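# Per-entry structural report
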Amino acid sequence: MQGTPSLVGDLPHCGIAQVWVVKLSPDIELEEAMADSKLERARPLSPHLQIYKPAMTMVMSVFHRLTGVALYGGTLFLAAWLIAAAMGKGSFEAVQWVYGSLLGRLVLLGFSWALLHHMLGGIRHLIWDTGRGYGVSERALLARLTLIGSLVLTVLVWVAAYMVR
Amino acid sequence: MQRSMETPLKRVRGLGSAHAGTDHFWKQRATALAGIPLTIAFLVIVLSTVGKDFATVKATLAHPLVAILMLLFVLSSVIHMRIGMQVIIEDYVHEEGPKVLLLMLNTFFAIAVGLASAFAILKLAFGA
Ligand code: HEM
Ligand code: HEM
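Residues numbered from 1 in each chain as written. Chains lettered and ligands numbered in written order. Predicted model: local features only at pLDDT ≥ 70, side-chain atom pairs only at ≥ 80, totals over all residues. Heavy atoms only, no water.

Residue and element names in this part refer to chain B. Where nonpolar side chains cluster on the molecular surface, the patch consists of Val 100, Leu 101, Leu 102, Met 104, Leu 105 and Phe 108 and spans about 550 Å² of accessible area. When you line up the elements, Leu 102 lands in helix α5 (residues 96–126). Its relative accessible area of 35% is what places Leu 102 among the partly exposed residues. (Patch = residues over 30% accessible without salt bridge, like charges linked within 9 Å, V, L, I, M, F, W, Y side chains within 5 Å. Areas by Shrake-Rupley, 256 points an atom, 1.4 Å probe, with all protein chains shown as cover. Salt bridge = Lys/Arg side-chain N within 4 Å of Asp/Glu carboxyl O. Helix = DSSP H or I, 4+ residues; strand = E, 2+ residues; numbered from the N terminus. Buried < 20%, exposed > 50% of the residue type's maximum accessible area, 1.4 Å probe, protein only.)

Right, let's get into the confidence of the model for chain A. Looking at chain A as a whole, the pLDDT averages 83, with 74% of positions reaching at least 70. Per-residue pLDDT stays below 50 along residues 6–20 of chain A; that stretch engages in 32 contacts with residues further than four places along the chain or on separate chains. (pLDDT = per-residue confidence, 0-100. Contact = heavy atoms within 4.5 Å.)

Before going further, it helps to spend a moment on the coordination of the iron atom of ligand 2. Bound to the iron atom of ligand 2 on the protein side are His 118 of chain A (NE2) and His 80 of chain B (NE2), at distances that span 1.9 to 2.0 Å. Note that the iron atom of ligand 2 binds 6 donor atoms; their angles at the metal cover 86 to 179 degrees, and the shape is octahedral. Here His 118 of chain A is found in helix α5 (residues 102–129), whereas its partner His 80 of chain B is found in helix α4 (residues 64–92) on a different chain. Judged by its relative accessible area of 14%, His 118 of chain A falls in the buried class. The class of His 80 of chain B is buried, set by a relative accessible area of 18%. (Donors = N, O, S within 2.8 Å, 3.2 Å for Na, K, Ca; no water. Tetrahedral: all angles 85-135°; square planar, octahedral: opposite > 155°, others 65-115°.)

A separate point is the interface of chain B and chain A. Listed by partner, the interface residues are 35 residues for chain B and 29 residues for chain A. Considering only the surface of chain B that becomes buried against chain A, Leu 43, Leu 47 and Phe 54 of chain B emerge as the three largest contributors, covering 21% of it. Run the count over chain B and chain A and you get 2 salt bridges. Here Asp 129 of chain A and Arg 29 of chain B are joined by a salt bridge, their closest N and O atoms 2.7 Å apart. Listing elements by their share of the side of chain B that touches chain A, those giving two or more residues are α2 (23–49), α3 (54–62), α4 and α5 of chain B. Taken together, the residues that form the side of chain B that touches chain A break down as 25 nonpolar, 6 polar and 4 charged. (Buried area = accessible area lost by both parts, 1.4 Å probe. Nonpolar A, V, L, I, M, F, W, Y, C, P; charged D, E, K, R; others polar.)

One pass over the structure, following the stated rule, counts 9 aromatic pairs over all chains. Their ring planes at 50 degrees and their centres at 6.2 Å tell us that Trp 81 of chain A and Phe 92 of chain A sit as a pair that is tilted. Linking Trp 81 of chain A in helix α3 (residues 56–87) with Phe 92 of chain A in helix α4 (residues 89–100), this pair joins segments that are 11 residues apart in sequence. Residue Trp 81 of chain A is classed as buried on the basis of its relative accessible area of 6%. With relative accessibility at 1%, the residue Phe 92 of chain A sits in the buried group. Here a set of aromatic residues connected by ring pairs shows up, and it is made of Trp 81 and Phe 92 of chain A together with Phe 54 of chain B. (Phe/Tyr/Trp six-rings, centres within 6.5 Å; stacked < 30°, edge-to-face > 60°.)

Moving on, we get to α2 of chain B. The periodicity of an α-helix, 3.6 residues per turn, causes residues three or four places apart in sequence to face the same way. Helix length check: α2 of chain B (27 residues) gives 37 Å between terminal C-alpha atoms against 39 Å at 1.5 Å per residue, within 8%. Where α2 of chain B bends most, at Gly 35 of chain B, the angle is about 35 degrees, and the proline Pro 37 of chain B comes one to four residues later. Those residues of α2 of chain B not exposed but buried are Gln 28, Thr 31, Ala 32, Gly 35, Leu 38, Thr 39, Ala 41, Phe 42, Leu 43, Ile 45, Leu 47 and Thr 49 of chain B. On the buried face of α2 of chain B, the contacting elements are α3, α5 and α6 (136–164) of chain A together with α3 and α4 of chain B. (Expected span 1.5 Å × (residues − 1). Bend = angle between axes of the 7 residues up to and from the residue.)

Now the structure itself:
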């Protein structure tokens, strides 16, 4: 049968569990294909999230965007800290108190991890920009290094922070 | 024979349909690259202020080298994050009105945060 949808299979590269492709024989006219309602029904919609099998590389890609957004908002904390310092002792100590509270420290912990994770993820992107690091095992390794590296560096930064305190 | 619909002038300018060519792409990469040493410098500076009193922190931030590194970090970051957020807005917001509005707010936010931070750093460095 012409225009039969067929299951191509797994595409681990982007975490796809299944891909449906509509194969058209060369002799089929486009208009004919469009007119074929069965074919229209079989046409896949743009894939939605549910059909993806989460893959490490995909999760890391989403993390890069999420940490970018978090850092975007986080620049407000940096601006507030600098402005408070520029305003004088009273406001600076107030902000320091907020940042030093349990909640404040948790937010700063998240900010520092997001920054380090996003930086390492950015380095990964810069490696890709040179055309390197696209192999199956390379991608897996880069993803793992990004996550483990960001966690290790965050711990180191906080150990250093508690030591200089 | 001319094989594309572009006029030769358009082709020679190489800016394509977006009229800005790969400008954002390169700025995003340049600020990402600059961001690596600047982020490390930023973290070291902030670490050196942990637990210090106001006078010490102020003196640290007022040091010319520290102030310059902080200014560079803030400048690079806000350019970078403005382009980055623009990509995200364009990915998810397709209606023309809300999109233009969000793109504008994105620009305002980046400029406001950048300017406020830079002003504070300069005031600490020069200020009374
Ligand atoms: C068919 C599967 C997919 C393909 C072929 C694909 C392809 C791409 C490509 C080419 C990019 C730009 C290159 C890059 O920045 O790495 C990208 C970026 C992105 N994708 Fe996907 N993607 C797929 C699935 C997904 C899914 C399921 C999600 C979300 C749950 C997702 C979220 C993102 C995000 C947030 C970005 C931008 C952040 C980034 O660049 O790292 N992608 N994708
Ligand atoms: C406070 C600092 C930073 C902020 C606020 C920030 C924010 C962002 C945002 C919002 C995006 C868009 C994410 C997306 O499209 O999915 C982005 C992308 C990116 N960031 Fe950052 N970022 C910061 C620091 C850095 C650093 C230090 C690097 C260093 C390597 C970096 C490298 C990148 C790269 C390469 C991209 C493009 C990824 C792509 O093509 O999809 N960023 N950033």
